[in-house]
Each structure stands twice: as C-alpha cells, then as structure tokens.
Amino acid sequence: MTWKKSVKPKSVYRRQLAVRLRELREDSELTLAEVSDRVEVSAGSLSRIETGDRGTTPVLVKALLDCYGVNDPAAREDILDLVRADQAQKRPWWKKYAAVVNTTQYGGYLALESSAVSLRSYEPLLVPGLLQTEDYARAIITEMRSDLAARQAEALVKVRLRRQEVLNGEAAPKLWVVIDEAAICRNVGSAEVMQQQIEHLIRVCEHPRITLQFLTFEQGAHAGLYGSFVLMDFPNPTPEVVWVENLTNSVCFEDPKDVDRYVDLFDHLRARALGPSDTQRRFRELIKELE
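Analysis parameters
- By convention here, each chain's residues receive numbers from 1 onward along its written sequence.
- Confidence filtering applies because this is a predicted model: local features only for residues at pLDDT of at least 70, side-chain atom pairs given and counted only at 80 or more, and all residues used for totals across whole chains, interfaces and linings.
- For side-chain calculations, the full set of non-hydrogen atoms in the structure is used, while hydrogens and water are omitted.
- In this text, helices come from DSSP runs of H or I with a minimum length of four residues, and strands from runs of E with a minimum of two, each type numbered from the N-terminal end.
- Burial here depends on accessible area, computed with a 1.4 Å probe over protein chains only, as a share of the maximum for the residue type. Under 20% is buried, over 50% is exposed, and the range in between is partly exposed.
- What makes two residues a contact is simply this: any of their non-hydrogen atoms within 4.5 Å.
- The accessible surface values rely on the Shrake-Rupley method and a 1.4 Å probe; as for residues, cover is taken only from the protein chains in view.
- Lining residues are defined by having an atom within 4 Å of a point belonging to a cavity or pocket. Those points lie on a 1 Å grid over the protein atoms alone, cavities being sets where a 1.4 Å probe fits but cannot get out and pockets being open sets with protein on both sides within 12 Å along at least five of seven lines.
- Grid points are joined across faces, edges and corners, and a volume is the space filled by probe spheres set on the points.
- The nonpolar core is taken to be a set of buried Ala, Val, Leu, Ile, Met, Phe, Trp, Tyr and Cys residues, with the residues joined through side-chain atoms within 4.5 Å.
- Expected helix span is taken as 1.5 Å per residue step, with the number of steps being one fewer than the number of residues.
- Pairing between two strands requires that DSSP report at least two bridges joining them.
- As a rule, the C-alpha atoms of each element are fitted with a line to give its axis, helices using only the stretch in contact, and angles between N-to-C directions run from 0 to 180 degrees.
- Here, the arc refers to the directions that run from the helix axis to the C-beta atoms.

**Thoughts on the overall build of the protein**
Counting its secondary structure elements, the protein contains 13 helices and six strands. For the protein, the proportion of its 291 residues judged to be buried stands at 48%. Nonlocal contacts in the protein, meaning residues at least 24 apart in sequence, comprise 75% of its contacts between residues at least 6 apart. For the protein, the exposed area adds up to about 15100 Å²; of that, 49% sits on carbon and sulfur atoms.

**Digging into the layout of surface pockets**
Put simply, the largest pocket is a space of about 1300 Å³. In terms of lining residues, the largest pocket is bounded by 44 residues, among which E123, S228, V244, E245 and N246 are the most central. Listing elements by their share of the lining of the largest pocket, those giving two or more residues are α7 (106-113), β1 (118-123), α8 (134-144), α9 (150-163), β2 (174-180), β4 (229-233), β5 (241-245) and α12 (256-272).

**With respect to the nonpolar core**
Core analysis: the biggest nonpolar cluster contains 40 residues, and L131, L175, I179, I184, L212, M232 and F283 have the highest contact counts within it. Of all the elements, helix α11 (residues 191-204) adds the most residues to this core, at six residues. Sequence-distant contacts of L131, that is, excluding residues within four places in its chain, are made with Q164, L167, L175, V177, Q197, H200, L201, V204, I210 and L212. Counting 19 residues, the second largest nonpolar core, distinct from the first, contains L30, V70, L80 and V83.

**Description of helix α1 (residues 12-27)**
Taking 1.5 Å as the rise per residue, α1 with 16 residues should run 22 Å; its terminal C-alpha atoms sit 23 Å apart, in good agreement. Within the sequence span of α1, burial applies to V12, R14, R15, Q16, L17, A18, V19, L21 and R25. Two residues or fewer past α1, E29 is found with a positive phi of approximately 60°.

**Focus: the sheet that holds β4**
Strand order in the open sheet made by the six strands is β3-β2-β1-β4-β5-β6, with mixed pairing throughout. Either end of the sheet is taken by a strand with one partner, and the two such strands are β3 (210-215) and β6 (250-253). Pairs of neighbouring strands in the sheet enclose a mean axial angle of 15°, with direction left out of account. Of the strand pairs in this sheet, β2 and β3 are connected by six bridges, and their pairing is parallel. Following the sheet pairing, L175 is matched in β3 by I210.

**Observations concerning helix α3 (residues 43-51)**
Within the span of α3, buried status applies to S45, L46, I49 and E50. Buried residues of α3 fall within an arc of 140° about the axis and therefore sit on the same side. Against the buried residues of α3 lie α1, α2 (32-39) and α4 (58-67). Looking one or two residues past α3, G52 carries a phi angle of roughly 85°, positive in sign.

Right, dumping it as structure tokens:
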C-alpha cells in the first residue's frame, strides 16, 4: 500500500509537465546525460524535473524544447503554460492561513482540491466541507479544534467558505457526495443550524455539477464504516488519488491498486444510497421533522 504521511503534493501542473518533458526526451532518443551536456544542467536536476519532484523555469524549459526539436509555437506555449501555472501555485490564497491549515497538511489537500476536475466524497459523520453552511462550519470547527484560539477557529471557517468558491467557477469540478444519515441526524450547533444546513443541501441538489446521495440507516452495516475519504481526479495524464484525513495526519494514496479499491468502495456506497431525487425528498422530510 502506497501512502504519504506528510503530504505536500506536487501541483497538478508540475506533474503534467514532468510527463510531457520525459516523453519529449524519450521521443528524441536522448539520455539524461546527453541532455545534461547540451543544456548544461545536471542530470540529477533533470531527473527530478521529470519526476515532478522539482519545479523549473520558462528559460530552462525553452532550452529543453530547443534540445528536443519542438518548434511548433502552439505546442511550446502549451508546455510553457504548465510551467507558469506551477509557479503561480507557489503562493495560493490559503497561504495566509498557514498557521491553522498546516497542522494536518490541510494546505496539501487544498492544493489538490483546487486542481481537480472531479471529486467523489463519502462522509459518514459530517456534512462535507464544500457543502457546509457558515454556522454549521463554525460549530464543527469550534468543537473539533479545541486547540485553536477563537480567532484561529474563525480563520479556519473563512478557509472553509473560501474553498466552496471552487464549485462556482467556469472550471468547477464535478462533485459527487454520498452522505450517511448519521451526519444529518447528529445535532450540530442547534436545531436552527441543522435546519439551515439541510435547506442548503436541498438547494445543492439542484446544482448542475453536484450529485448528492443519502445513505440511510436502513442499509445497516457497510464497507464505508472504515471512514470518510475523497477521490480526486485530474486532467490527463495526472493520475487519480485518494485523500484520507484523521486527527493528527492526512494520507494521500497514489498507488493505482489502492485507488481502485476506493473507487470500488464508492461505487458500492452510491449503489446502496438513495438516488438524487429521493435524497432531496428525504431532506425535505427531515426539515419537517425539525420544525
């Protein structure tokens, strides 16, 4: 099983760039040593660029493209765009909240989430962060992060709300969530907070890029009782990953065998959950019960 404890992921753009540069070198039938001699950069540095472990600059990439005989302006610009995008991610919006997001490698999660084209999430105990109302988020963070001062907890609330903007842009990812009934039946904050949260979920059901399913208690025990997880899919050729979070650390699974197991698990859970329309109907019933 492949796992990474201190997750500080390479940007999606860097990983795509790494694959493109490696393919171009191999197509040119050049070794790293030969390229090193031509562009006057160590073979070790070039190797780390090709694995995505090291970033690079437009100047070096232009030299590599010249070395590989890439003369088409459009092709060169596509690759250089990846370099620029990777550099732009070095100062993402959540950096100013580093003091509260670094504890469980949350910044690593945000870097992946902001680049994903689709997200599949299973939540057995909480409404997922991307779908939380402000009051629900504040109540959850206050209880779960008792180690934070009030102003730090409020900063984390702002981070959670800012994250949700990813769902509204032109490049918004597709989001598919299976949420367990336990997450809805647990009273968080107050009855009013829960009513507002469920009303928000009802509205979310109408979102064209969001699929929400409700897994009822009637389904009994199931494989999802291991805990929550998020499957993240990225533009080709970047592979899919699984993110699992716990109290002190976060784990990112990248091995295809591990990812496939979580894909199968998610398919199992969504097959047992209510469909989107029945989910919306069930939420309306819960609202009536709270009134």
